[in-house]
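Descriptive structure summary
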Amino acid sequence: MEKNNDKDHDHHDDDKSKGDEKNDDVSDARLSDDAHDQDGNSKENLDNVVKTETDLDPGDNVVSQGEEAPEIQQTLESLSEELDQLLSSLSLHKEESSIKEGSTEEEKPEDDYFQIPQFVGKFLDLFEDKLSKYDSGEPKTTWYQDPEEVSSLLEAVDRVSKLMGLLLNTKSCLDHHEPLINHAGSIQQRAMAFLEDEFRIILEESVIKEPAVVADDSSSQRKSSADQQDHQNDAVVSQDHDQMIVPESGDQEIEYPGYPEEVVVVLRQIAEKMKAGGYGWECREVFLVGRRNILMRTLKRDCEFEKVSIDEVQKMSWDTLEREIPIWNKTFKDCSSLFFPGELKLAEKIFQGDEGNLFCIVTHGLAIQFLGFAEAVAMTKRSTEKLFKILDIYETLRDSFPSMEELFPEELRSELRSEVTSARSRLGETAIHIFSDLENSIKSDSSKTPVPGGAVHPLTRYTMNYLKYSCEYKDTLEQVFKSHSKMEQEEDKPAETGNSAFASQLMRIMELLDGNLEVKSKQYKDIPLSCIFMMNNGRYIVQKIKGSAEIHEVMGDTWCRRRSSELRNYHKNYQRETWGKLLGFLGHEGLMHNGKIVKPNLKERFKSFNATFDEIHKTQTTWVVNDEQLQSELRVSITAVMIPAYRAFMARFGQYLDPGRQTEKYIKYQPEDIEDLIDQLFDGNTSSSTATARRRT
């Protein structure tokens with residue numbers, strides 16, 4: 001044994017003086033192999049395996065003194081097969097070593113050394129040169145577009161990772177090949193850093209737009225003055241106009257920022273190689289940061305969405321917030337139907353077996369931010385104009401969240417479901433309180449100035465437009481009142497049997513409006529004008545209800561018939577108060593005495609009729625009836641009463657006035673003139689001061 005040791009020292013000193021400094025680790029491994037071969041035959045069988053698989057012997061890898069090695073051009077590809085054989089042998093050696101570790105002391109060999117051939121160092125050097133070329137920028141920007149180059153590079157990375165894994169997990173290698181391990185580890189780190197950078201570049205620069213159309217859900221199919229798909233409605237309830245101003249919006253094409261299939265394959269291969277080399281988390285971190293940035297960039301560019309905090313939401317003016325809510329609605333729906341499912345599929349394609357973990361990290365924070373916005377809106381100061389935007393958010397959460405929550409694992413799903421429940425509860429309660437505020441605003445509207453001409457009161461327009469549009473959210477409001485109402489029914493106004501919670505609420509508002517209008521009608525000192533006011537407002541209400549299937553369904557035919565009956569009563573009262581008095585002048589009483597006409601009385605009767613009719617015409621042409629049907633009905637009914645009576649009176653008594661001056665003085669109007677003047681009533685013409693009609697002869 002002493003002799004062997006001396007020989008080992010001599011051989012070692014001689015080889016070290018000739019060896020290349022760059023290959024010290026490999027030479028050390030080779031020299032140690034020679035020493036162990038001379039120690040005995042305990043490794044003879046294993047050495048034969050290595051020699052057979054690698055076609056190398058210690059003698060083949062060492063240039064003997066006095067000999068010149070033949071020039072053999074070695075490449076990364078030519079050495080790969082030899083390295084694969086070595087890795088297979090090293091793996092077998094590792095398994096055998098593991099078995100021997102369980103043996104008894106007598107069975108254990110004295111040493112368990114494994115020889116590492118010199119070509120391993122050469123392979124590492126060639127691979128390092130390849131990485132240096134990429135780092136220098138020669139083929140760096142295009143390597144992943146060449147399938148052969150991708151295969152060559154990633155297979156080389158895989159071999160280095162396998163080599164490191166086996167070296168670090170084989171005791172004899174740890175004991176004898178530390179320089180080689182350090183060298184291989186350094187190259188592996190450099191390779192992984194390169195792949196990490198390339199993974200990031202590919203993520204950022206290879207994004208393509210994958211078009212998809214997000215169809216609107218059924219809840220947005222509302223009948224209003226314009227299409228309101230995607231709930232992009234900026235409803236303005238006007239006190240002066242009957243129209244709800246709603247911008248048009250249709251299905252909008254959106255695009256998912258994905259990748260071509262061949263790029264996904266490259267990304268998956270890089271991820272697999274980095275994971276195999278122990279750098280899986282670094283790769284995942286690059287993916288997380290990259291995809292989160294890409295997603296937020298896409299939402300900002302395509303949806304105009306930007307993150308805002310709860311504090312920022314609560315400090316926003318309503319005009320600003322009113323613009324933000326449709327953006328939020330669209331973004332939430334797009335994320336639920338396109339972006340989030342796309343992120344989940346992409347993560348699962350690149351990191352197979354990930355089971356949604358990466359997707360959760362990319363999207364969970366955004367989902368929480370979405371829900372925070374919804375809750376923040378519900379916490380802003382209440383006002384009636386906010387109702388429809390709040391209901392839009394409520395519907396979006398109700399309709400789009402279920403498909404979103406299915407993408408998350410159960411533990412996160414429960415958290416998100418709790419957040420949504422909280423947000424919907426706040427939104428629902430806010431909507432109910434807004435309706436309560438509407439009731440209070442009707443109760444408190446005590447304006448003392450009558451509307452000129454008995455026209456429709458602004459409060460009537462506002463309330464009916466508000467209720468009409470509210471009924472387009474009928475199903476949602478019914479759900480809101482049923483699920484979130486904490487207000488008790490008024491004891492003296494129990495809900496009618498069979499009426500829904502929302503219908504009962506609507507009925508209460510209509511009753512309050514009726515009561516308020518009744519009070520306002522008493523502000524008119526002229527009873528006929530008071531009747532016109534009630535007819536105008538009543539007809540406006542009925543027409544609004546009949547013109548909307550949604551509100552008509554809630555109010556019902558019975559209510560409409562009762563209201564129409566009330567309108568007829570106001571009509572009768574108007575005719576009695578106005579035209580009944582005028583008809584009195586056309587009676588026969590007091591015009592005859594002892595069978596003879598009393599001319600002075602007849603003349604006075606004509607004068608009184610003319611003066612009264614002139615006053616009615618002067619006054620009531622300034623009155624307003626905007627509803628053409630009601631205006632026509634009033635004129636027709638007046639004509640039907642007045643013209644036959646006037647014509648009969650003229651036929652009976654007109655002949656008793658002397659032709660000429662008396663006739664012109666006392667018979668101011670022919671029946672046709674009266675009819676023409678009646679047709680001028682209710683035009684709101686304040687400039688007309690005297691009755692003028694074309695004289696018919």
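The structure displayed is predicted, hence computed values, not measured ones.

A word on the overall build of the chain
From N to C terminus, the chain includes 25 helices and four strands. Taking the intrachain contacts of the chain between residues at least 6 apart in sequence as the baseline, contacts between residues at least 24 apart amount to 80%. Summed over all atoms, the accessible surface of the chain reaches about 34,600 Å², with 47% contributed by carbon and sulfur.

Some words on the pattern of salt bridges
All told, the structure shown has 28 salt bridges when counted by the stated rule. Close ionic contact of Arg297 with Glu204 constitutes a salt bridge, the shortest N to O distance being 3.1 Å. With Arg297 in helix 11 (residues 280–303) and Glu204 in helix 9 (residues 178–205), this pair connects stretches of sequence that are 93 residues apart. Residue Arg297 is classed as partly exposed on the basis of its relative accessible area of 41%. Residue Glu410 is joined to Arg413 by a salt bridge in which the shortest nitrogen-to-oxygen separation is 3.5 Å. With a gap of three residues between them, Glu410 and Arg413 both fall in helix 16 (residues 410–444), about one helical turn apart. Exposure remark for Arg413: the relative accessible area of 17% places this residue in the buried category. One network of salt bridges, in which partners are shared, links Glu196, Asp197 and Arg200.

Describing helix 10 (residues 261–276)
The end-to-end C-alpha distance of helix 10 is 22 Å, a good match for the 22 Å that 16 residues give at a rise of 1.5 Å each. Inspection of helix 10 places Val263, Val264, Val266, Leu267, Arg268, Ile270, Ala271 and Met274 among the buried residues, and these make up the whole buried set. For helix 10, the elements touching its buried residues are helix 7 (147–168), helix 9, helix 11 and helix 13 (318–350). Backbone geometry just after helix 10 places Gly278 at a positive phi near 85°.

Here's the deal with unusual backbone geometry
Of note in this structure, Glu304 is not a glycine but carries a positive phi near 60°. Within the secondary structure, Glu304 is located in the loop between helix 11 and helix 12 (310–315). A positive phi angle is found at Phe682, which is not glycine, with a value near 65°. Within the fold, Phe682 resides in the segment after helix 25 (671–678).

So, the packing of aromatic side chains
Within the structure shown, the criterion is met by 28 aromatic pairs. Plain terms: the ring middles of Phe613 and Tyr669 are 5.5 Å apart, the flat faces sit at 65° to each other, and that makes the pair edge-to-face. In this pair, Phe613 is assigned in helix 22 (residues 599–620) and Tyr669 in the loop between helix 24 (661–666) and helix 25, connecting sequence segments 56 residues apart. The exposure class assigned to Tyr669 is buried, which follows from its relative accessible area of 4%. A network of ring pairs unites the aromatic residues Phe388, Phe435, Tyr462, Tyr466, Tyr469, Tyr473, Phe481 and Phe502 as a single cluster. The ring of Tyr394 carries Arg424 above its face, with NZ or CZ at 4.8 Å from the centroid.

Describing the packing of helix 10 against helix 11
At a minimum axis distance of 7 Å, the contact between helix 10 and helix 11 shows a crossing angle of 145°. Where helix 10 abuts helix 11, its residues Ala271, Met274 and Lys275 lie against Gly280, Glu282 and Cys283. Considered class by class, the residues forming the contact of helix 10 with helix 11 number three nonpolar, one polar and two charged.

Things to note about the environment of Tyr574
Structurally, Tyr574 is set in helix 21 (residues 549–584). Owing to a relative accessible area of 0%, Tyr574 belongs among the buried residues under this scheme. The spatial distance from the C-alpha of Tyr574 to the C-alpha of Met535 is 9.5 Å, given a sequence separation of 39 residues. Other than its neighbours up to four places away in sequence, Tyr574 contacts Pro528, Cys531, Ile532, Met535, Trp579, Gln620, Trp623, Leu634, Ile638 and Phe682.

Procedures and definitions
Residues numbered from 1 in each chain as written. Predicted model: local features only at pLDDT ≥ 70, side-chain atom pairs only at ≥ 80, totals over all residues. Heavy atoms only, no water. Helix = DSSP H or I, 4+ residues; strand = E, 2+ residues; numbered from the N terminus. Contact = heavy atoms within 4.5 Å. Areas by Shrake-Rupley, 256 points an atom, 1.4 Å probe, with all protein chains shown as cover. Salt bridge = Lys/Arg side-chain N within 4 Å of Asp/Glu carboxyl O. Buried < 20%, exposed > 50% of the residue type's maximum accessible area, 1.4 Å probe, protein only. Expected span 1.5 Å × (residues − 1). Phe/Tyr/Trp six-rings, centres within 6.5 Å; stacked < 30°, edge-to-face > 60°. Lys NZ or Arg CZ within 6 Å of the ring centre and 35° of its normal. Axes fitted to C-alpha atoms, helices over the stretch in contact; angles between N-to-C directions. Nonpolar A, V, L, I, M, F, W, Y, C, P; charged D, E, K, R; others polar.

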